[in-house]
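# Summary of structural features
Here's the letter readout for the chains.
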Amino acid sequence: MSNDAISADFVALALTGVQKLTPYQPGKPIEELERELGISGSIKLASNENPLGPSPKGLEAARRALEGVALYPDGAGFALRQALGRRLGVEVGCVTLGNGSNDVLELIARAWLGPGRSAVYSRHAFAVYPIVVQAVGAEARVAAAHARDHAQPYGHDLNAMAALVSGDTRVVFIANPNNPTGTWVDAAALRDFIASMPAQTLVVVDEAYFEYVEEQNYPDAMAWLAEFPNLIVTRTFSKIYGLAGLRVGYAVSHPQVADVLNRVRQPFNTGLPAQAAAIAALEDEAHVRESRAVNRAGLAQLTDACRERGLYYIPSVGNFLSIDVGRPAGAVYDGLLREGVIVRPVGAYEMPQFLRVTVGRKEENQRFIAALDRVLGA
Ligand SMILES: *Cc1c(COP(=O)(O)O)cnc(C)c1O
């Protein structure tokens, strides 16, 4: 059906905030690239997925759960919330499940943001924050990020963020570490920031990469939940647990905050196999340890390669690295695609010369580096 057959301008009829949205650009699927270029054997280092795949225990649990999918899952996700509560040392009533943690971020916006209210986040912060804030018609206040010569280049400047908070600010989003920069904020600075926030301002600490971080002063914000009822910590099974395709994430908060999130949450927002896989993956500490070790080695491999080539990169504590290719990154991205290597240009994050590459297995990283050499040399 063509566009001319339309009876009304449904874009103009959409809510004001929705009209201004541009769809989130996900990493290119391998199948799409290979269909377009007629190639095979491509690798995807574009969406910060776990190169080791899912926890075998999680996968087995999902397979078993498939037998039961004629029935709706437990809408409250009790077993998974109980497993998380036990693991994290919080009450079940503090845990809200999401269809990925992006779902939880959206629930937060729907519950507390809207016209006449504002949200604060940093420049170069995770792309889902602007989307969920705009969609509900709230004002987005974007704080300047740290400069390139700062110890956390392009990272969140908590002072700049605090300066944008006013009486109508209901939510502040902090990605720790942030994607795509890989930068992080330390325990003392983050704690001081949260303590300085007005009581009516919720602080969302997005810890999607929590399990990867090994820095000394990297905070576990969950430890402060009892102290700060306006704190929400989000985590996910999409990254180190290798379950991105199943869509499970969660928020941990004060039970009253969780109660509000559960009012806007769709009753069956996490599927049965997803819940089962997450419970099993949570127990699979060996898989998490191995994933962390592979990431540590791969990150060193990539940063060494950048240093040898004089390529600037933002020091990262996540499972990805943003590299300045010294020219508009779109053409380099396209060149890499033709080499069968999918990475992520981050122009949409106002970083037009950067490519973000997910840390892969050794051979995958090597293949990326060799392809990058060819593309940059050409
Ligand atoms: C990947 C990511 C998420 C979560 O994605 P889900 O798959 O929806 O759980 C959240 N925050 C950041 C910063 C991320 O990079």
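In this text, all values refer to a predicted model and were calculated from it rather than measured experimentally. Note that residues are indexed from 1 along each chain, following the sequence as it is written. In keeping with the predicted nature of the model, local features appear solely for residues at pLDDT of at least 70, side-chain atom pairs appear and are counted solely at 80 or more, and the whole-chain, interface and lining totals rest on all residues. The side-chain figures draw on all heavy atoms in the structure; neither hydrogens nor water molecules are used.

Further remarks concern helix H11 (residues 272-283). In an α-helix there are 3.6 residues to a turn, and that puts residues three or four apart on one side. Only DSSP runs of H or I covering at least 4 residues are called helices, and only runs of E covering at least 2 are called strands; the numbering of each starts at the N terminus. Between the first and last residue of a helix there are one fewer steps than residues, each counted as 1.5 Å, and that sum is the expected span. For H11, with 12 residues, the first-to-last C-alpha span of 18 Å sits near the 16 Å given by 1.5 Å per residue. Pro 273, Ala 274, Gln 275, Ala 277, Ala 278, Ala 280, Ala 281 and Leu 282 are the residues of H11 that are buried. Packed against the buried residues of H11 are helix H4 (56-66) and helix H5 (78-88). Under the scheme applied here, a residue whose accessible area is under 20% of the maximum for its type counts as buried, over 50% as exposed, and between as partly exposed, the area being computed with a 1.4 Å probe on protein chains only. Throughout, a residue-residue contact means that at least one pair of heavy atoms, one from each residue, lies within 4.5 Å.

Below, the discussion takes up the site of the ligand. Near residues are defined by distance, with any heavy atom within 4 Å of the molecule or strand qualifying the residue. Taken together, Gly 100, Ser 101, Asn 102, Phe 126, Asn 179, Asp 206, Ala 208, Tyr 209, Thr 236, Ser 238, Lys 239 and Arg 247 form the complete shell of residues around the ligand. Definition of a polar contact: a pair of N or O atoms within 3.5 Å, with one able to donate and the other able to accept a hydrogen when the atoms are protein atoms, and with sequence-neighbouring residues admitted only if both atoms are side-chain atoms. At 2.8 Å from an oxygen atom of the ligand is found a side-chain nitrogen or oxygen belonging to Asn 179. Surface exposure here means Shrake-Rupley accessible area, sampled with a 1.4 Å probe, where a residue is shielded only by the protein chains that are shown. For the ligand, whose accessible area on its own is 380 Å², the fraction buried by protein is 94%. Gly is placed with the polar residues, together with every amino acid not listed as nonpolar (Ala, Val, Leu, Ile, Met, Phe, Trp, Tyr, Cys and Pro) or charged (Asp, Glu, Lys and Arg). For the shell around the ligand, the per-class residue count stands at 3 nonpolar, 6 polar and 3 charged.

This paragraph deals with the nonpolar core. Counting residues in hydrophobic clusters, the biggest one holds 47 residues, and the most contacted among them are Ile 174, Phe 193, Ile 194 and Phe 237. At 5 residues, the largest contribution of residues to this core is made by H11. Contacts of Ile 194, omitting those with residues within four sequence positions, involve Val 203, Val 205, Trp 224, Phe 228 and Leu 231. Only buried Ala, Val, Leu, Ile, Met, Phe, Trp, Tyr and Cys residues count toward a nonpolar core, and they belong to the same one when joined by side-chain atoms within 4.5 Å. Core analysis: the next-biggest nonpolar cluster, separate from the first, contains 32 residues, Ile 108, Phe 126, Phe 173 and Phe 354 among them.

This paragraph deals with the domain arrangement of the chain. It is common to report an interface's size as the accessible area lost on association of the parts. Here the bounds of each domain stem from an automatic or database domain assignment. You can read the domains of the chain as domain 1 (19-48 + 286-377) and domain 2 (57-282). Just the C-alpha atoms count here: the centres of domain 1 and domain 2 sit 25 Å apart. Of the residues lining the interface, 26 residues belong to domain 1; the matching set on domain 2 comes to 29 residues. Overall, the association of domain 1 and domain 2 removes approximately 2,500 Å² of surface from exposure, summing both partners, and the carbon and sulfur fraction of that is 62%. The largest per-residue losses of area from domain 1 upon contact with domain 2 belong to Leu 21, Val 317 and Tyr 349, which jointly make up 26% of the total buried on that side. In short, buried area is how much 1.4 Å probe accessible area vanishes from two parts on joining, totalled over both.

Bringing the pattern of salt bridges into the picture now. Working definition: two side chains of opposite charge can pair if their charged atoms are close together. In the sections that follow, a salt bridge refers to a side-chain nitrogen of Lys or Arg positioned within 4 Å of a carboxyl oxygen of Asp or Glu. Scanning the model with the defined rule gives 20 salt bridges in all. Across the pair Glu 364 and Arg 361 runs a salt bridge whose closest N-O atoms are separated by 3.4 Å. What makes Glu 364 buried here is its relative accessible area of 13%. Judged by relative accessible area, Arg 361 falls into the partly exposed class, the value being 30%.

Let us look at the pairing of strand S5 (residues 169-175). Buried residues dominate S5, accounting for 6 of its 7 residues. Note that strand S3 (residues 118-122) and S5 share 3 bridges and pair parallel. Following the sheet pairing, Ser 118 is matched in S5 by Thr 169. What makes two strands pair is DSSP finding at least two bridges between them. Where S5 and strand S6 (residues 202-206) come together, 5 bridges link them in parallel fashion. Directly across from Phe 173, in S6, lies its bridge partner Val 204.

For Thr 201, the location among the structural elements is in the loop between helix H9 (187-196) and S6. Judged by relative accessible area, which is 0%, Thr 201 ranks as buried. In this structure the side chain of Thr 201 is engaged in a polar contact, spanning 2.8 Å, whose partner is the backbone oxygen of Thr 169. Those residues in contact with Thr 201 that lie beyond four places of it in its chain are Val 165, Thr 169, Arg 170, Val 171, Val 172 and Asn 230.

Pairing of aromatic rings covers Phe, Tyr and Trp, the last counted by its six-membered ring, and requires centre-to-centre distances within 6.5 Å; plane angles under 30 degrees mean stacked, over 60 mean edge-to-face, and any other angle means tilted. A complete count under the given rule lists 11 aromatic pairs for this structure. Ring geometry for Tyr 209 and Phe 320: centres 5.0 Å apart, planes at 65 degrees, overall edge-to-face. Separated by 111 residues along the polypeptide, Tyr 209 in the loop between S6 and strand S7 (231-236) and Phe 320 in strand S10 (residues 320-324) bring together distant segments of the chain. Exposure class is identical for Tyr 209 and Phe 320. Each is buried. Centroid distance Phe 237 to Tyr 241: 4.9 Å. Interplanar angle 45 degrees. Geometry classified as tilted. The pair formed by Phe 237 and Tyr 241 is uniform in burial state, with each residue classed as buried. An aromatic cluster of three or more residues is present, and its members are Tyr 121, Phe 126, Tyr 129 and Phe 173. Only when the NZ atom of a Lys or the CZ atom of an Arg is both within 6 Å of the ring centre and within 35 degrees of the ring normal do we say a charge sits over the ring. One cation-aromatic arrangement involves Arg 148 over Tyr 312; the distance from NZ or CZ to the ring centre is 3.7 Å. The lysine or arginine in question, Arg 235, covers the ring of Phe 210, its NZ or CZ lying 3.6 Å from the ring centre.

Right, let's get into the sheet that holds S7. Strands sit in the order S2-S8-S7-S6-S5-S3-S4 across an open sheet of 7 strands; the sheet is mixed. Strands at the two margins of the open sheet, each flanked by one partner only, are strand S2 (95-98) and strand S4 (139-143). On average, each strand axis in the sheet is tilted by 20 degrees relative to the strand beside it, whichever way the strands run. When S6 meets S7, the two strands line up parallel, connected through 4 bridges. The residue of S7 that forms the bridge with Val 205 is Val 233. What counts as an axis is a line fitted to C-alpha atoms, over the stretch in contact for a helix, and the angles between N-to-C directions run from 0 to 180 degrees.

This part is about the sheet that holds S10. One open sheet holds the 4 strands; their spatial order is S9-S10-S13-S12, and the pairing between them is antiparallel. Lying at the two open borders of the sheet, with one neighbouring strand each, are strand S9 (313-314) and strand S12 (344-345). Across 5 bridges, the pairing between S10 and strand S13 (residues 354-358) is antiparallel. When the bridges of S13 are listed, Ile 323 appears paired with Leu 355.

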